[in-house]
Amino acid sequence: DAGITQSPRHKVTETGTPVTLRCHQTENHRYMYWYRQDPGHGLRLIHYSYGVKDTDKGEVSDGYSVSRSKTEDFLLTLESATSSQTSVYFCAISVGPSYEQYFGPGTRLTVT
Amino acid sequence: EDQVTQSPEALRLQEGESSSLNCSYTVSGLRGLFWYRQDPGKGPEFLFTLYSAGEEKEKERLKATLTKKESFLHITAPKPEDSATYLCAVGESSNTGKLIFGQGTTLQVKP
């Protein structure tokens, strides 16, 4: 298994509170991604990173920000959580843009 | 616009009954087609990458094929442990590493 961990694995938070999800890898891969998975929508890309401090937006980036200060860590922040951000969040890593991505175990986030 | 469509949405098979899952795609420049397996409550597990029409890859009871417009995941003599959701994704033509995922096919194999 690819060395990817996500924390926390489960979180319940209230509307309006900030939330940070962490993705940690031990593979030294350059590319890291954050997805959300919702019934009826499948996996959708939120943000991605192609190197330390190099990030870009994905398909559903509104309400989310990311940071990558080290190769191994990619943080996803919900500045002010809303109920529409209740979802399962997956982190993925890749050696390059045309290569397969390996996924973490996911974080189930519930915003009440 | 890059797009991926998977069919059927759900498939029920008897153990040993072979079948195929379809992934149709529209992309201006294919940067790889990827198959994943996802079990309930877990992250997607990588199965195959295909890069060019005519390419085929196999793993145990699974075989993935690719044409210019679609990919098939053939399942030969499936077992109950093959039950899962199978996801197809294409690499976005801009080569940023973004993947466009289909909705998935949920396979149930009954003993």
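As a starting point, this report considers the structure included with it. (Residues numbered from 1 in each chain as written. Chains lettered and ligands numbered in written order. Predicted model: local features only at pLDDT ≥ 70, side-chain atom pairs only at ≥ 80, totals over all residues. Heavy atoms only, no water.)

Re the overall build of chain A
Logical step 1: Helices and strands together make up the secondary structure of chain A, namely 0 helices and 11 strands.
Logical step 2: Each helix and strand of chain A, ordered N terminal to C terminal, gives the series β-β-β-β-β-β-β-β-β-β-β.
Logical step 3: Here the C-alpha atoms of chain A give a radius of gyration of 13 Å, agreeing with the 13 Å that 2.2 N^0.38 yields for 112 residues.
Logical step 4: Principal-axis analysis of the C-alpha atoms places the extent of chain A at approximately 35 × 30 × 25 Å.
Logical step 5: For chain A, buried positions account for 51% of its 112 residues.
Logical step 6: Once local pairs closer than 6 in sequence are excluded, the contacts in chain A between residues at least 24 apart make up 55%.
Logical step 7: Carbon and sulfur atoms make up 47% of the accessible area of chain A, which amounts to about 5,200 Å² in all. (Helix = DSSP H or I, 4+ residues; strand = E, 2+ residues; numbered from the N terminus. Rg over C-alpha atoms; globule rule 2.2 N^0.38 Å. Buried < 20%, exposed > 50% of the residue type's maximum accessible area, 1.4 Å probe, protein only. Contact = heavy atoms within 4.5 Å. Areas by Shrake-Rupley, 256 points an atom, 1.4 Å probe, with all protein chains shown as cover.)

Looking at the state of the cysteines
Residues and elements named next belong to chain A.
Logical step 1: Tallying each qualifying case throughout the model produces 2 disulfides over all chains.
Logical step 2: Here cysteine 23 engages in a disulfide with cysteine 91; their sulfurs sit 1.9 Å apart. The sign of the -70° torsion about the S-S bond sets the cysteine 23-cysteine 91 disulfide as left-handed. Of this pair, cysteine 23 sits in strand β3 (residues 19-25) while cysteine 91 sits in strand β9 (residues 87-94), and the two are 68 residues apart along the sequence.
Logical step 3: According to the relative accessible area criterion, cysteine 23 is buried, its value standing at 0%. (Disulfide = S-S within 2.5 Å.)

A look at the layout of surface pockets
Logical step 1: Roughly 520 Å³ of volume is contained in the largest pocket.
Logical step 2: Looking at the lining of the largest pocket, the elements that each hand over two or more residues are β4 (31-38), β5 (42-51), β9 and β11 (107-111) of chain A together with β9 (84-91) of chain B.
Logical step 3: Broken down by element, the lining of the largest pocket gets its largest block of residues, 3 residues, from β9 of chain A.
Logical step 4: Of the residues contributing to the lining of the largest pocket, the split by class is 7 nonpolar, 15 polar and 6 charged. (1 Å grid on protein atoms, 1.4 Å probe; cavity = no way out; pocket = protein on both sides within 12 Å on 5 of 7 lines; lining within 4 Å. Points joined across faces, edges and corners; volume = space filled by probe spheres on them. Nonpolar A, V, L, I, M, F, W, Y, C, P; charged D, E, K, R; others polar.)

Interpretation in functional terms is not warranted from these geometric data alone.
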